[in-house]
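Tertiary structure, described
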Amino acid sequence: MENKYYYIETFGCQMNVHESEKLAGILVKMGYAETKERAQAHVIVFNTCCIRDTAEKKIFGNIGELKILKRQDKSRIIVIVGCMTQQEGMAEVIATKFPFVDIILGTSNIHLLEQKIVELEERRHRKRGKIIDIDTNEKPAVNEDTIPYRTSYPNAWVNIMYGCNNFCSYCIVPFVRGRERSRDPEVILEEVQSLVKAGYKEITLLGQNVDSYGSDRNDGVNFYTLLQKIAKIEGKFRLRFMTSHPKDLSEEVIKLIAETPNFCNNIHLPVQAGSDAILKAMNRHYDRERYFYLIDLIKKYMPNCGITSDIMVGFPGETEEDFLDTLDLVEKVRYHNAFTFIYSPRKGTVAAKMEQIPYAIKSERIGRLIALQNKITLEISQEYVGKVMEVLVEDAPKPNMLCGRTDCGRLVNFAGNKELVGQFVNVRIDKNKASALIGEIVNG
Ligand code: 5AD
Ligand code: SF4
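Please read these numbers as outputs of a predicted model, since none were measured by experiment.

Our focus in this paragraph is the site of ligand 1. Contacts to ligand 1 come from Ile51, Arg52, Tyr170, Gln272, Asp310, Met312, Phe341, Ile342, Tyr343, Ser344 and Arg346. In this structure, a nitrogen atom belonging to ligand 1 sits 3.1 Å away from a main-chain N or O atom of Tyr170. Side-chain polar atom of Asp310 to an oxygen atom of ligand 1: 2.6 Å apart, as the coordinates give it. Summarising the interface, the protein chains cover 86% of the accessible area of ligand 1, which totals 400 Å² for the free molecule. Only β13 (306-313) and β14 (337-342) provide two or more residues apiece to the shell around ligand 1. Class assignment for the residues of the shell around ligand 1 results in six nonpolar, two polar and three charged.

Let's shift gears to the sheet that holds strand β10 (residues 202-206). The strand order across the open sheet built from three strands is β7-β10-β11, with neighbouring strands paired in parallel fashion. The strands lining the two open edges of the sheet, one partner per strand, are β7 (155-159) and β11 (238-242). Mean inter-strand twist for the sheet, computed between neighbouring axes without regard to direction, equals 25°. Strand direction decides the pairing type here: β10 and β11, joined by five bridges, are parallel. Looking at β11, one finds that Thr204 is bridged to Arg240. Seen against the sheet, helix α1 (residues 14-29) touches β7, β10 and β11 and runs at an angle of roughly 95° to β7.

Here we come to the packing of helix α7 (residues 223-231) against helix α8 (residues 251-259). Packed helix pairs are specified by the crossing angle of their axes together with the interaxial distance, meaning the distance between the axes. For the pair α7 and α8, interaxial distance at closest approach is 9 Å and the crossing angle is 15°. By the criterion of interaxial angle, the relationship of α7 to α8 is roughly parallel. As α7 runs across α8, the sense of the crossing is left-handed. Side by side, α7 and α8 meet where Phe223, Tyr224, Leu227 and Gln228 of the first sit next to Glu252, Val253 and Leu256 of the second. Split into classes, the residues belonging to the contact of α7 with α8 amount to five nonpolar, one polar and one charged.

For the rest of this paragraph, the subject is the pairing of strand β18 (residues 424-432). Pairing between strand β15 (residues 388-398) and β18: five bridges, direction antiparallel. Residue pairing for β18: Val391 is matched across the bridge by Val425. As judged from the six bridges shared by β18 and strand β19 (residues 437-442), these two strands associate in the antiparallel manner. Bridge assignment links Asn432 to a residue of β19, and that residue is Leu437. Between the antiparallel neighbours β18 and β19 lie four residues.

A few words on the site of ligand 2. Around ligand 2, the neighbouring residues are Cys164, Asn166, Phe167, Cys168, Tyr170, Cys171, Val173, Pro174, Gln208, His245 and Arg284. Looking at the shell around ligand 2, its residues break down into seven nonpolar, three polar and one charged.

What follows covers the environment of Met90. Within the element layout of this structure, Met90 appears in helix α3 (residues 90-97). Look at Met90 and you get buried, because its relative accessible area is 11%. When the C-alpha atoms of Met90 and Asp322 are compared, they prove to be 34 Å apart, with 232 residues separating the residues in sequence. Here Met90 is in contact with Glu56, Phe60, Met84 and Thr85, once residues within four sequence places are set aside.

Attention now moves to the environment of Glu419. Examined against the element boundaries, Glu419 turns out to sit in the loop between β17 (411-415) and β18. Of the residues examined, Glu419 reaches a relative accessible area of 65% and is grouped as exposed. Along the primary structure Glu419 and Asn400 are separated by 19 residues, whereas in three dimensions their C-alpha atoms are 9.8 Å apart.

Cut-offs used in this document
- Residues numbered from 1 in each chain as written.
- Chains lettered and ligands numbered in written order.
- Predicted model: local features only at pLDDT ≥ 70, side-chain atom pairs only at ≥ 80, totals over all residues.
- Heavy atoms only, no water.
- Near = heavy atom within 4 Å.
- Polar contact = N/O pair within 3.5 Å; in protein donor to acceptor, adjacent residues only side chain to side chain.
- Areas by Shrake-Rupley, 256 points an atom, 1.4 Å probe, with all protein chains shown as cover.
- Helix = DSSP H or I, 4+ residues; strand = E, 2+ residues; numbered from the N terminus.
- Nonpolar A, V, L, I, M, F, W, Y, C, P; charged D, E, K, R; others polar.
- Pairing = 2+ DSSP bridges.
- Axes fitted to C-alpha atoms, helices over the stretch in contact; angles between N-to-C directions.
- Contact = heavy atoms within 4.5 Å.
- Parallel < 35°, antiparallel > 145°, perpendicular 65-115°, else oblique.
- Left-handed = near helix turned anticlockwise from the far one by under 90°.
- Buried < 20%, exposed > 50% of the residue type's maximum accessible area, 1.4 Å probe, protein only.

Dropping the structure here:
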């Protein structure tokens, strides 16, 4: 039989990256092989994001480009899945604007991909038609049937929960991913155990707010008890997780991370803003004091912890003074790294209805924020120069060139054979560049 190929393009966060592995798992099981060329693919899947307007615009542009490919081969199947499709009225917009799209699936029913492709092929013998299946239930059942086709060795992503209950006033996620649903702790544990056994060296637990894991269950499990169980798994591997929420992160979790050798000293703790007034308007349920309290705890238990953040500028009502509070917080915390964003109004959210700030102000503020964080990142990197650090080799981007990360999450580039991918090596850090450290493998 002639080879059939699939092409998946992923937009957005790690959650989507992992969901694309599940989509790939379904397609591989159906007999498709992966291609990196859209033009070679029989099934083209776009896994979409709608967190900011920029993501949405980019995806619209990309879907538009598929029109020619569809015209070249009418039997090609075009599938749009993920967050964007779950926005109110968006599936219909996509269907109308891009009539060549065949299947549109929401965030909680990607496991139906095989069934929908079969249905589409059957329909085609009679009359062409489009399939749209968006689950608008706020708590769709957790589906455990799909086996992901993993593409990020030596790292493996593991969902611990889906959805979000927090309704931060700027955020579209609770609207497109529904309420929190935690996976069964035994299922998570088995998955992590089997991944470690299969040779994966880094496990990253995923959830919109990992600290509230278990709160929708009645069996007393929570993030701490889940981590306690994972801490007992034997073998050398690294455990990371994202995302932590400052309103929920607890001292016992911080302490457990510090005490467990396999748990990375690395915490992503998005602050979003440094002004109490803005944090309140964002509905974040913590203030600067609580945030600094957590940072002090982390630094007390793990002096070398890599702390990272998400920070937004230009939220409605943000004054110059509020923004200076954000800069002040960034100076005080000294993040290893921060993802910085310009606030983007999302339809249906509370903040979208507030009075908006001119783009020129947002753009000027983000410039100042990025400059400050870059300076801090560089200064922290400088502290690593001359040190020998354990690095997990993650990739070989060029011949004889490797890259990997330290326990605290710093990216390091160094020379070496690609057979070392998936191994722990000791690297002496020689140079400090803006985006990464440069080093050399040393023995022992
Ligand atoms: N505009 C800009 N950034 C946003 N984020 C979430 N919603 C928005 C928005 N409407 C950012 C937050 C979050 C990260 C994943 O994306 O900082 O932590
Ligand atoms: Fe969005 Fe807030 Fe939920 Fe994060 S915690 S996904 S920012 S609503």
